[in-house]
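# Coordinate analysis (summary)
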Amino acid sequence: MQTRALGPFTVSAIGLGGMPMSMNNDRVFPTEDEAITTIHAALDAGITFIDTADIYAPSWDTMGHNEQLVGKALKTYGGDTDQIVVGTKGGITRAEGETWGRDGSLTYLRKAVEKSLRKLDVEVIDLYQWHRPDRSMAYADAIGNFKTLQDEGKIKAIGISNANVEEIQIAIDVLGEGGLASVQNEFSPKFRSSADELEFCGQQGVAFLPWSPLGGTGGGGGRDVGDRFAALREIGEAHGVSPQQVVLAWELSLGDHVLPIPGARRPASITDSARAADLQLSAEELARCSATPGVH
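None of these values were measured; they are calculated from a predicted model. (Residues numbered from 1 in each chain as written. Predicted model: local features only at pLDDT ≥ 70, side-chain atom pairs only at ≥ 80, totals over all residues. Heavy atoms only, no water.)

### Considerations on the pattern of salt bridges
The test is simple: Any Lys or Arg side-chain nitrogen located within 4 Å of an Asp or Glu carboxyl oxygen qualifies as a salt bridge. Where helices and strands are cited, they refer to DSSP runs of H or I of at least four residues and of E of at least two residues respectively, numbered from the N terminus. Note on exposure labels: buried denotes an accessible area under 20% of the residue type's maximum, exposed denotes more than 50%, and partly exposed covers the range between, all computed with a 1.4 Å probe on protein chains only.
Scanning the model with the defined rule gives 14 salt bridges in all. A salt bridge links Arg 4 to Asp 256, with the nearest nitrogen and oxygen atoms 3.9 Å apart. Placement of Arg 4 in strand S1 (residues 3-6) and of Asp 256 in the loop between helix H9 (243-253) and helix H10 (267-274) is noted, with a sequence separation of 252 residues between them. Ionic pairing is found between Asp 26 and Arg 265, a salt bridge with its closest N-O pair at 3.0 Å. On the criterion of sequence distance, the pair formed by Asp 26 in the loop between strand S3 (16-17) and helix H1 (32-44) and Arg 265 in the loop between H9 and H10 is long-range, its members being 239 residues apart. When its relative accessible area of 39% is taken as the criterion, Asp 26 is described as partly exposed.

Take a look at the structure:
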């Protein structure tokens, strides 16, 4: 597995997105044992970065469900986990009646971090990302709150999610050179609206983590990527691999700072995705991937 920089860490070029195991569109969830088996399969495949979030849960009153799965999987894995980096996210609220909101205040984030620490069963969080902006407060002020949590020793590195170029620049300004580890935005053959942010992150030396890199949210959305985009299916057939591998290999080619985090709820899915790190596509094939009609 090739590696890439993620802030102060060196991680696998392909990560594991934990969301589908605890939150997905068809509401079909693996058992705890099945989910842990999937996470173990990712580690067996050489994946050393796992992405989760406090809101990844089947319901409002099971917040932290996915974090807990990740924590248990790492504790029960038979191999070495010293190099595994876990990123989680906070800043979205979820309350009774599935009432959703945003809160970037220090009071809320500190409580959220402490809950995530308990769910993950760790003493410090490797990467803590602001999940979505709280439009009730200045962006710089919220980034300052994340810096406070870092200064308090609760988190090692800071990332942001669902951010535009201006917000990325604000985060860099507040945190200083090298202070922003990552930006996690939606990007896939279907959704290209974060192309500017992807490019800007490359210029700034910030890791870009495409969420839903196969074009679906909440699990299962990437299954038909080869049907929606014939070029991806044809290139995959030429190499004897899945169209999903083609997508991920194309995204990796967009810059050394790009680290796709495909979601999975079955071992076979993440094992297949991990192989994309070794897939070499020609310049012509990469151009065909880039030419697929997406939403810009």
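### Thoughts on a positive patch on the surface
Inclusion rule: Residues forming no salt bridge and having over 30% relative accessible area are the ones grouped into patches, like charges within 9 Å of each other and nonpolar side chains (Val, Leu, Ile, Met, Phe, Trp, Tyr) within 5 Å. The Shrake-Rupley method, run with a 1.4 Å probe, gives the accessible areas here. Residue values count only the displayed protein chains as cover. In this charge count, Lys and Arg are treated as positive and Asp and Glu as negative; neither His nor the chain ends contribute. Charge positions are represented by NZ for Lys, CZ for Arg, CG for Asp and CD for Glu.
Together, Lys 111, Lys 115, Arg 118 and Lys 119 make up a positively charged patch on the protein surface. Considering the arrangement of structural elements, one finds Lys 119 in helix H3 (residues 106-120). The partly exposed category is assigned to Lys 119, whose relative accessible area is 30%.

### Some remarks on unusual backbone geometry
The backbone phi angle of Arg 27 is positive, close to 55 degrees, even though this residue is not glycine. With respect to the secondary-structure elements, Arg 27 resides in the loop between S3 and H1. Despite not being glycine, Glu 98 has its phi angle at roughly 55 degrees, a positive value. One can find Glu 98 in the loop between strand S6 (92-95) and strand S7 (99-102). Owing to a relative accessible area of 30%, Glu 98 belongs among the partly exposed residues under this scheme.

### Some words on the side chain of His 257
As a reminder, the rule being used: Polar contacts, as used here, are pairs of N or O atoms within 3.5 Å; protein pairs need one atom able to donate a hydrogen and one able to accept it. Residues neighboring in sequence count only if both atoms are side-chain atoms. The contact definition used throughout considers only heavy atoms, calling two residues in contact when any of these lie within 4.5 Å.
By secondary structure assignment, the location of His 257 is in the loop between H9 and H10. Note on His 257: relative accessible area 14%, which makes it buried. Polar side-chain contacts of His 257 include one of 3.2 Å to the backbone nitrogen of Gly 202. Look past the residues within four positions of His 257 in its chain and what remains in contact with it is Arg 4, Leu 198, Cys 201, Gly 202, Val 206, Ala 207 and Phe 208.

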